[in-house]
Amino acid sequence: MGSDKNIQTTNLRARLSYHVSATLLGFAVIGLIALMPWDSANSWITDLLWRIGTPKNPDTEIRLIAFDDASAYRYTPISEIIPGPEISGLAKFLVDAQPRNVAFLTSISSNRYTPEELTDFRVAFQKLPHVYLGYDEDALLGQRAPEPLRAYPYFPAFISRDSQSYAADAVSRRVMIEIDSLPSIFSIIANDMNPGFGADRSKYEKNGAALQTYIRWQGPPGTYPISSSRRVLDGDVPASEFKGKTVLIGSLRHMERARDFTFTPFDRNDVAASSLEVAAHGLVTLIRDNGVQHAPALLDLLLAFAIGTLTVNLVLSLSPASGMVFLIGLVGVIACGAWFLLHGPGICLATGLHVFSAVFSYYLVIPFRLVYEYRRRSHYQEKSEWMSQLEELKSNFLSLISHDLKTPVATIQGNAEIALRDSALPQHLRPVIGAIVQTTEHLSQYVESVLDLTRVESAQVPLQKTTKDINSTIREVVDEKRILAAEKNIEIQLQLEPLFSFKYDVRLMKRVLANLLENAIKYCPPHSHVILATKDEGEFVSVSVIDNGPGIAAADREKIFEKFYRGAAQKESAIKGSGLGLYLVKYFVELHKGLVKIQSEVGKGTSFVVQLPVHGAI
Ligand code: ADP
């Protein structure tokens, strides 16, 4: 017992030290990997999360018009800019349509247009309610609208990608709010359409000179349809479509202006998504003021540590297969959590780092696990070798003792019986000698049981079947126990059906019947009766030992066939016993491929029924 405890404590200590050292190593390694540049992996996963389940939810107040390849046929097909007549034509068309805002997202500068064209623009713009001029990404900061158009607000427009970490892959993810404290055209329009916009500036991200947020996509490319300026000017698009709307106008030339197109989280295909459409997503993000923010770096780091610690410790305790299932589940939970945070409150986690932390910690644990398993196994091996040696020693000891005890006990018992029968024995010595006979009888039964047990445990109980009528074996056993029964005035009744002989091990069945009968006599009150009955049941013969003793409580009934088990009431009582009798009964009956059944009611009595198959019957 003591050594068991020691082994347990050693195991616990070893376990704890593995958990602690694996956790510490995990911490150190995750601390190191967190320093690596995770932006690309994080962006890639975030883009993947956008691609999954983004519902189409465009703002119907926004309309897009583009000078595209179809429009260019009127002018020169190689023109990089929107030709002047196209701009003034669109402005005149929109006067009738009465839009809410008109924004030109293409630089209108004096080195692109002649003074006459610029004057034409002004004349046309004067009839529109709100006109905003944006300069595109080529324009230098500080650039101003050319003289004839000074009256119109002139703002930075497209700066949705750069070569920095969050957009090194040229994917448009951000929308600018300010650059060098100068509001972008998007925040100006957002302010008009949602006056509450931008009140809480702390929720936007500062990035160098820029104040920015991340676009919340309203759907994949194609969510915002773009009308070609040629179709608009040819009267193919009704003016009423633009009434009261915010109209974004830009240039989109597939061949010459590849930069008018950009990658989006949904599509990395060249020229698949237009900058004009991406601008609409950015503008609507600001109007709805539901841009996406990166979670604080510290939170991402803490999450990585938590994921690592959880993985390391669980994988260390789980089976390899469950460990793998756990890892897959954890990656699923990380992905689902990231999805909900992105699509819900608009929080972007460093999911790449988190997934890697889980996977890396999992593989980090494997060598630890191997060492731990190896040590544990060698502990168990040591323990079981030690236990089997002990078991062997115990068996040898018991068998030696029993053999050596058997003869002297039989001699004492025999001599005491002779003395008891001698009429010359003085009267006052009779109870003393009687007690010796009784005690030695118990002792010899005990020795017999222990001997049987040692034989059973060393699997040395071969079945030696002979053909015999079980009724005659019962009679022999009853004859042996008559004196025992007579001492308590217990009557043994036999209700034996005539039976065919069949093959069984007579010695073992005698032990079975003797044990059951002894128990019945032992536990029954004086002046009661015990019935032994046999019955031919076709495939098998049943032998019942029925008494009207104290019965066996339900809680005991399940355990009485266990080795050394004694009923709760018997443990305290004066009735002696080893707790081996029923264990041996069951063992011997099962050796015959038979069954022992028990029916008992507390206070009324017990009946044990032994069923023996009669396949070998003659
Ligand atoms: P022992 O009789 O030496 O205690 P057994 O294995 O023969 O061990 O029996 C186990 C327990 O089953 C007994 O301690 C007793 O509680 C219960 N038991 C067995 N036979 C009877 C019976 N005929 N009547 C009541 N209880 C019994």
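Once a new chain begins, its residue numbering starts again from 1 and follows that chain's sequence as written. Whole-chain, interface and lining totals are the exception, using all residues; otherwise, since this is a predicted model, local features are given only for residues with pLDDT of at least 70 and side-chain atom pairs are given and counted only at 80 or more. The side-chain numbers reported here are obtained from all heavy atoms of the structure, hydrogens and water having been left aside.

Report on helix 5 (residues 115-125), specifying residues and quantitative values.
For every residue, the accessible area (1.4 Å probe, protein chains only) is compared with the maximum for its type, and the residue is labelled buried under 20%, exposed over 50%, or partly exposed between those bounds. Strands here are runs of E lasting at least two residues and helices are runs of H or I lasting at least four, both read from the DSSP assignment and numbered beginning at the N terminus. Here helix 5 has its buried residues at Leu-118, Phe-121, Ala-124 and Phe-125. Seen along its axis, helix 5 keeps its buried residues to an arc of 120°; they face one direction. Residues Pro-115 and Glu-116 are exposed on helix 5 and point more than 90 degrees away from its buried face. Those residues of helix 5 that are buried lie in contact with helix 4 (84-97), strand 2 (101-104) and strand 3 (131-135). This arc corresponds to the set of directions leading from the helix axis out to the C-beta atoms. Contacts are assigned to residue pairs that have any heavy atoms within 4.5 Å of one another.

Requested: an account of the sheet that holds strand 16 (residues 491-496), with residues and values cited.
With respect to topology, 5 strands assemble into an open sheet ordered 16-18-19-21-20, the strand pairing being mixed. Edge positions in the sheet fall to strand 16 and strand 20 (595-601), since each of these pairs with one other strand and no more. When strand polarity is set aside, the average angle formed by the axes of neighbouring strands in this sheet is 15°. Pairing between strands is defined by DSSP: at least two bridges between the two strands are required. Pairing between strand 20 and strand 21 (residues 605-613): 7 bridges, direction antiparallel. Across the sheet, Leu-595 pairs through a bridge with Gln-611, a residue of strand 21. For helices, the fitted axis covers only the stretch in contact; all axes are lines through C-alpha atoms, and the angles between them, taken along N-to-C directions, range from 0 to 180 degrees. This element, helix 13 (residues 470-487), spans strand 16, strand 18 (529-536), strand 19 (540-547) and strand 21 of the sheet and lies at about 175° to strand 16.

I'd like a rundown of the packing of helix 9 (residues 297-317) against helix 10 (residues 320-343), residues and numbers included.
Relative orientation of the contacting elements helix 9 and helix 10 amounts to 160°, with a least axis distance of 10 Å. By the angle between their axes, helix 9 is roughly antiparallel relative to helix 10. Pair helix 9 / helix 10 crosses with right-handed handedness. The residues of helix 10 that touch helix 9, namely those facing Ile-307, Leu-310, Thr-311, Leu-314 and Val-315, are Gly-323, Phe-326, Leu-330 and Ile-334. Residue classes in the contact of helix 9 with helix 10 are distributed as 7 nonpolar, 2 polar and no charged. Any angle that is under 35 degrees is reported as roughly parallel, and any over 145 degrees as roughly antiparallel; angles of 65 to 115 degrees are reported as roughly perpendicular and all others as oblique. Left-handed is the label given to a crossing in which the near helix is rotated counterclockwise from the far helix by less than a right angle, and right-handed is the label when the rotation is clockwise. Each residue is assigned to one class: nonpolar for Ala, Val, Leu, Ile, Met, Phe, Trp, Tyr, Cys and Pro, charged for Asp, Glu, Lys and Arg, and polar for all the others, Gly among them.

Before we move on, could you go through the pairing of strand 10 (residues 246-251) and cite the residues and values that matter?
Burial analysis of strand 10 places 6 of its 6 residues in the buried class, which makes it a mostly covered element. Residues Thr-246, Leu-248 and Gly-250 of strand 10 are buried on one face, and the alternating residues Val-247, Ile-249 and Ser-251, pointing to the opposite face, are buried as well. Two strands pair when backbone bridges link them, and strand 1 (residues 62-67) and strand 10 are joined in this way by 6 bridges, in the parallel orientation. By the bridge assignment, Ala-66 is partnered in strand 10 with Gly-250.

Pulling in residues and values, what's your account of the pattern of salt bridges?
If charged atoms from side chains of opposite charge come close, those side chains can pair. Just to be clear on terms, a salt bridge is a Lys or Arg side-chain nitrogen sitting within 4 Å of an Asp or Glu carboxyl oxygen. A complete count under the given rule lists 20 salt bridges for this structure. In this structure, Lys-245 engages Glu-61 in a salt bridge whose closest nitrogen and oxygen atoms are separated by 4.0 Å. Note that Lys-245 is positioned in the loop between helix 7 (229-233) and strand 10 and Glu-61 in the loop between helix 2 (39-51) and strand 1, a separation of 184 residues in sequence. For Lys-245, a relative accessible area of 15% corresponds to the buried category.

Quick rundown of the site of the ligand? Include the residues and the values.
Throughout, the term near means that a residue has one or more heavy atoms lying within 4 Å of the molecule or strand in question. Close contacts around the ligand come from 20 residues, with Asn-519, Tyr-523, Asp-547, Arg-566 and Gln-570 the closest. In the analysis that follows, any N or O atom pair within 3.5 Å is treated as a polar contact, provided that within protein one partner can donate a hydrogen and the other can accept it, and provided that, for residues neighboring in sequence, both atoms belong to side chains. For the ligand, an oxygen atom lies 3.0 Å from a polar atom in the backbone of Gly-567. Within the backbone of Gly-581, an N or O atom sits 3.3 Å from an oxygen atom of the ligand. Each accessible area is a Shrake-Rupley estimate made with a 1.4 Å probe; only the visible protein chains count as cover when residues are assessed. Compared with its free state, where it exposes 530 Å², the ligand has 98% of that area covered by protein. Among the elements of the structure, helix 14 (506-523), helix 17 (581-591) and strand 21 are those that each provide at least two residues to the shell around the ligand. Among the elements that make up the shell around the ligand, the one with the highest residue count is helix 14 (4 residues). Considered class by class, the residues forming the shell around the ligand number 8 nonpolar, 9 polar and 3 charged.

Please provide a residue-by-residue account of the domain arrangement of the protein chain, values included.
Frequently, the measure chosen for interface size is the accessible area removed from exposure when the parts meet. Taken domain by domain, the protein chain comprises domain 1 (1-36 + 296-460), domain 2 (57-294) and domain 3 (461-613). Contact with domain 1, which involves 8 residues of that partner, is made by 5 residues of domain 2. The junction of domain 1 with domain 2 conceals about 450 Å² of combined surface from both sides, 46% of it contributed by carbon and sulfur atoms. Across the domain 1-domain 2 interface, the total number found is 0 salt bridges. Among the elements of the structure, helix 10 and strand 14 (347-348) are those that each provide at least two residues to the side of domain 1 that touches domain 2. A class-by-class count of the residues in the side of domain 1 that touches domain 2 yields 5 nonpolar, 3 polar and no charged. For the domains described, the bounds stem from an automatic or database domain assignment. A quick way to say it: buried area is the sum, across both parts, of accessible area lost when two parts are put together, with a 1.4 Å probe.

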